[in-house]
Amino acid sequence: MSLTKEEDVQMMLVCKTHLGTRNCDHRMKRYVFRRTVDGIHIIHLGKTWEKVMVAARALVAIENPADIIVASQRPYGSRAVLKF
C-alpha cells in the first residue's frame, strides 16, 4: 500500500504525532512549526515525514534485517520497539 505524502501527514495528524512538549532543545527548533498559547510546541509534520522517509530508505538498504537494532529512550516508545 503506497500512500502519498499528504495521506501520510494526515494519518500522523490524526495520531497526534504533531504535539510536542513544553521543552524545546535548540537542535529541535528547526522542526517546530509553532508554539501554542499554553506553551506546547507543534512539530512540523512535513519535515517529520521527510526524516521518516530517509530512515526508511536506510533500513531498506540493509541486506540482513537481523543486523537492525531498535531502541527507545522514552517509555512511550517501547510499544513501537516491540512491534518492530
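Above this text is the structure in question.
Presented here is a report on the structure given in the accompanying data block. (Residues numbered from 1 in each chain as written. Predicted model: local features only at pLDDT ≥ 70, side-chain atom pairs only at ≥ 80, totals over all residues. Heavy atoms only, no water.)

### Side note on the environment of Ala80
Next, step 1: For Ala80, the position within the fold is in helix α3 (residues 78-83).
Next, step 2: For Ala80, a relative accessible area of 51% translates into the label exposed.
Next, step 3: Each C-alpha atom, one on Ala80 and one on Gly39, is 27 Å from the other, the two residues being 41 residues apart in sequence. (Helix = DSSP H or I, 4+ residues; strand = E, 2+ residues; numbered from the N terminus. Buried < 20%, exposed > 50% of the residue type's maximum accessible area, 1.4 Å probe, protein only.)

### Topic: the pattern of salt bridges
As a working rule, side chains carrying opposite charge can pair if their charged atoms are close by.
Next, step 1: Here the structure, examined in full by the defined rule, presents one salt bridge.
Next, step 2: For Lys5, the salt bridge identified is with Glu50, shortest N-O distance 3.7 Å. Taken together, the positions of Lys5 in helix α1 (residues 5-14) and Glu50 in helix α2 (residues 45-60) put the pair 45 residues apart, joining distant regions of the chain.
Next, step 3: For Glu50, a relative accessible area of 43% corresponds to the partly exposed category. (Salt bridge = Lys/Arg side-chain N within 4 Å of Asp/Glu carboxyl O.)

### Considerations on the packing of α1 against α2
Next, step 1: Between α1 and α2, whose axes approach to 10 Å, the crossing angle comes to 110 degrees. The angle between α1 and α2 places the two elements in the roughly perpendicular class. Crossing angle aside, the handedness with which α1 passes α2 is right-handed. For the pair α1 and α2, the contacting residues are Lys5, Asp8, Val9, Met12 and Leu13 in the first and Leu45, Gly46, Thr48, Trp49 and Glu50 in the second.
Next, step 2: Class assignment of the residues belonging to the contact of α1 with α2 gives a composition of five nonpolar, two polar and three charged. (Axes fitted to C-alpha atoms, helices over the stretch in contact; angles between N-to-C directions. Parallel < 35°, antiparallel > 145°, perpendicular 65-115°, else oblique. Left-handed = near helix turned anticlockwise from the far one by under 90°. Contact = heavy atoms within 4.5 Å. Nonpolar A, V, L, I, M, F, W, Y, C, P; charged D, E, K, R; others polar.)

### Observations regarding a nonpolar patch on the surface
Next, step 1: Residues Leu59, Ile62, Val70 and Phe84 make up a contiguous nonpolar surface patch of about 330 Å² in total accessible area.
Next, step 2: With respect to the helices, strands and loops of the structure, Leu59 is situated in helix α2.
Next, step 3: Residue class for Leu59 comes out partly exposed when judged on its relative accessible area of 36%. (Patch = residues over 30% accessible without salt bridge, like charges linked within 9 Å, V, L, I, M, F, W, Y side chains within 5 Å. Areas by Shrake-Rupley, 256 points an atom, 1.4 Å probe, with all protein chains shown as cover.)

### Focus: α2
Helical periodicity: at 3.6 residues per turn, an α-helix aligns residues three or four positions apart in one direction.
Next, step 1: The terminal C-alpha atoms of α2 lie 22 Å apart, and with 16 residues this matches the ideal 22 Å at 1.5 Å per residue to within 8%.
Next, step 2: Taken together, the buried positions of α2 are occupied by Leu45, Gly46 and Trp49. The buried side chains of α2 occupy one side of the element, clustering within an arc of 100 degrees when seen end-on.
Next, step 3: Lining the buried residues of α2 we find α1 and β2 (41-43). (Expected span 1.5 Å × (residues − 1). Arc of directions from axis to C-beta.)

### Things to note about the pairing of strand β1 (residues 32-35)
Next, step 1: Two strands pair when backbone bridges link them, and β1 and β2 are joined in this way by three bridges, in the antiparallel orientation. Pairing of Arg34 across the sheet is with Ile42, part of β2.
Next, step 2: Hairpin connection of β1 to β2: five residues between the antiparallel strands, including Gly39 at a positive phi of 95 degrees. (Pairing = 2+ DSSP bridges.)

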